[in-house]
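# Structural features, examined
The chain contents come next:
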Amino acid sequence: MADRIQKIVTKLPGLKSVTDVWKTADSSLERGDAAFVTDLAIALAGAYATDAGRMWQYRSVFDYLLRLLATTPGPGNVVQALRLVSSVEAADRKIDRHTASLLASSQPAEDLAVAFTGHATEELRACLVHELVLRGVDVSESPGIAGWATSTHWSHHPLGELPLALSELEGQPDLPSYSVRGGSHSIPYGPSANREVQRDARAHVPSAEETTTEAVAKGTGAAVTNWADESNGRIEARVFDLAAPLAAESVPSTLLALGLACLEGAGTKKTAFSVEACPPEHAWRILFAAASTGGAYNSGAGGAYGRLAAWQSMAGLSGMAQGSLAEEVEACARACAWYAFGAETKWFERVAWDIGLVAVSPERRRLAMLAATDTD
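In this text the structure is predicted, and so the values were computed from the model without any measurement. The residue numbers shown here count from 1 along each chain, following its written sequence. Where local features are concerned, this predicted model is filtered to residues with pLDDT of at least 70; where side-chain atom pairs are given and counted, the filter is 80 or more; whole-chain, interface and lining totals use all residues. Side-chain numbers here rest on the full set of heavy atoms in the structure, without hydrogens or water.

Moving on: the sheet that holds strand 6 (residues 337-343). DSSP calls a pair of strands paired once it identifies at least 2 bridges connecting them. Only DSSP runs of H or I covering at least 4 residues are called helices, and only runs of E covering at least 2 are called strands; the numbering of each starts at the N terminus. The strand order 3-4-8-7-6-5 describes an open sheet built from six strands, whose pairing is antiparallel. One side of each edge strand has no neighbouring strand; the edge strands of this open sheet are strand 3 (208-210) and strand 5 (273-278). In this sheet, neighbouring strand axes are inclined to one another by 25 degrees on average, regardless of whether the strands run parallel or antiparallel. For this analysis, residues touch if any pair of their heavy atoms sits within 4.5 Å. Convention adopted: a line fitted to C-alpha atoms gives each axis, helices being fitted over their contacting stretch, and angles between N-to-C directions are expressed from 0 to 180 degrees. Strands strand 5, strand 6, strand 7 (353-360) and strand 8 (366-374) of the sheet are contacted by helix 13 (residues 280-293), whose axis makes an angle of about 140 degrees with strand 7. Contacts from helix 14 (residues 302-318) reach strand 6, strand 7 and strand 8 within the one sheet, and its direction differs from that of strand 8 by about 140 degrees.

With that settled, consider unusual backbone geometry. Look at R350: it is not a glycine, yet its phi comes out positive at around 55 degrees. Positionally, R350 belongs in the loop between strand 6 and strand 7. Even without glycine at this site, R364 takes up a positive phi of about 65 degrees. Of note, R364 is situated in the loop between strand 7 and strand 8.

Turning to empty space enclosed by the protein, a few remarks are in order. Only protein atoms enter the 1 Å grid, on which a cavity is a set of points fitting a 1.4 Å probe that cannot get out and a pocket is an open set with protein on both sides within 12 Å along at least 5 of 7 lines, lining residues being those with an atom within 4 Å of a point. Grid points are joined across faces, edges and corners, and a volume is the space filled by probe spheres set on the points. Summed over the entire model, instances satisfying the criterion amount to two cavities of 30 Å³ or more. Its boundaries defined by the atoms lining it, the largest cavity holds a volume of some 100 Å³. Lining the largest cavity are 14 residues, with E161, W311, Q312, S324 and V329 positioned closest to its centre. Mapped onto the lining of the largest cavity, the elements with two or more residues apiece are helix 14 and helix 15 (326-335). Looking at the lining of the largest cavity, the element that brings in the most residues is helix 14, giving four residues. Think of it as three bins: nonpolar holds Ala, Val, Leu, Ile, Met, Phe, Trp, Tyr, Cys and Pro, charged holds Asp, Glu, Lys and Arg, and polar takes everything else, Gly as well. Across the lining of the largest cavity, the residue classes break down as nine nonpolar, four polar and one charged. Considering only enclosed or pocket space, the second largest cavity measures out at about 30 Å³ in volume. Lining the second largest cavity are D174, L175, H185, S186, A289 and T293. Split by residue class, the lining of the second largest cavity holds two nonpolar, three polar and one charged.

With that settled, the discussion passes to the environment of G319. By the element assignment, G319 lies in the loop between helix 14 and helix 15. Between the C-alpha atom of G319 and that of S361, which follows or precedes it by 42 residues, the distance is 7.5 Å.

Right, let's get into the layout of surface pockets. The computed volume of the largest pocket comes to approximately 1300 Å³. Lining the largest pocket are 45 residues, with K94, S299, G300, A301 and G302 positioned closest to its centre. Of all the secondary-structure elements, those providing two or more residues to the lining of the largest pocket are helix 4 (56-71), helix 6 (93-106), strand 2 (182-184), helix 11 (225-230), helix 13 and helix 14. Tallied by class, residues from the lining of the largest pocket come to 18 nonpolar, 18 polar and nine charged.

The next subject is the nonpolar core. The nonpolar core is taken to be a set of buried Ala, Val, Leu, Ile, Met, Phe, Trp, Tyr and Cys residues, with the residues joined through side-chain atoms within 4.5 Å. Per-residue accessibility, obtained with a 1.4 Å probe over protein chains only, is compared with the maximum for each type, and a residue is labelled buried under 20%, exposed over 50%, and partly exposed between these values. In terms of nonpolar packing, the biggest core is built from 99 residues, with L128 and M314 touching the most fellow members. Residues within four places of M314 in sequence aside, it is in contact with L169, P280, A283, W284, L287, V329, A333 and W338. Listed in part, the 24 residues of the second largest apolar core include L242, F273, V275 and F341.

Another point: the pattern of salt bridges. Whenever Lys or Arg places a side-chain nitrogen within 4 Å of a carboxyl oxygen from Asp or Glu, that contact is recorded as a salt bridge. Enumeration over the complete set of coordinates arrives at 14 salt bridges. Taking the shortest distance from any N to any O, the salt bridge between R83 and D39 comes out at 2.9 Å. Of this pair, R83 sits in helix 5 (residues 75-86) while D39 sits in helix 3 (residues 34-48); the two residues are 44 residues apart in sequence, bridging distant segments of the chain. Here R83 falls in the partly exposed class, since its relative accessible area comes to 33%. In this structure, the salt-bridge partner of E281 is R334, at a minimum N-O distance of 2.8 Å. Here E281 is found in helix 13, whereas its partner R334 is found in helix 15, with 53 residues between them in sequence.

Pairs of packed helices are described in terms of their axes, by the angle between the two and the distance that separates them. Two elements in contact, helix 6 and helix 8 (residues 122-134), have axes whose closest approach is 8 Å; the angle formed by their N-to-C orientations is 35 degrees. The interaxial crossing formed by helix 6 with helix 8 has right-handed handedness. Contact residues: helix 6 offers R93, D96, R97, T99, A100, S101, L103 and A104, while helix 8 offers E123, L124, C127, L128, E131 and L132. Among the residues forming the contact of helix 6 with helix 8, the class breakdown is seven nonpolar, two polar and five charged. When the near helix sits turned anticlockwise from the far one by under a right angle, the crossing is termed left-handed; a clockwise turn instead gives a right-handed crossing.

None of this, on its own, says anything about what the molecule does.
Structural data, given as structure tokens:
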């Protein structure tokens, strides 16, 4: 077996197609030899992981082997997937997060309990807990998982602040489906199709003072940070204190009067602008999708960290401090008035990745907005 693996490793850089390597792995798994798939992936990582950015053959084969193990049902395949990502050669926090998404989407919870008793990093375990929560698993009652998930020893972990059950605000999140060939997911945003509105000179627009701080902008934009950092995206996240309560009918005109970069030139006959009231559930769904699945040129943070980022953005928009409990953020979010907006300005790319959200505080004296756009 070692000679067979070494032959594949040696020839990989010169291959113009890697489908034969995929077929070899498929055949091995069909024969019940998941260990061969793992050994091959570990050997490839040991040889080429440091050159992954320049070597498409390695990236393609390694990802295929990991997906093959993680998405093919069977406790033995789970064990081998965990052995792969726990190896020194393949160890990486991003791979842990990705593996947790793959496993939770494809394997029953009872077969995943081994991740909490065998060799697995704390990062993978933390991600796996919340990937399972997102898929409706009661981790607090799952044998083999509950003991770790409900313990306090991982409360310091960034994901430790998230609840172990989905809230009403989260509902049933749109989640990717995975296979050995890749994944697919829905995109709940894009060029706005809301009712178009024009600037209304009769609307009462209260004077506004911008109160955006770097920390508030960072927290509010948490869900779309990956669009700017890893793709071609741009973000505008700002907060304003209003001199008088903002009436619902004045929201469009107020937005146009705030000097937002994303709305420059909007509200005229030549530049369509749309705004529409929406429930906070819609805002969370948009933010979660943006954070978890990414923009045009990246794959996002995954379900677990996407959930965290969505709550961080909800907190920023609602006026809650970062680190607040999810149930506190939800209560505040439900008291706010929410709006979705869009415009045919030069700022928005208007391809497939456009977001415009506004939250007005319960007393209607604070307005927070988040806009994001990305393109391929």
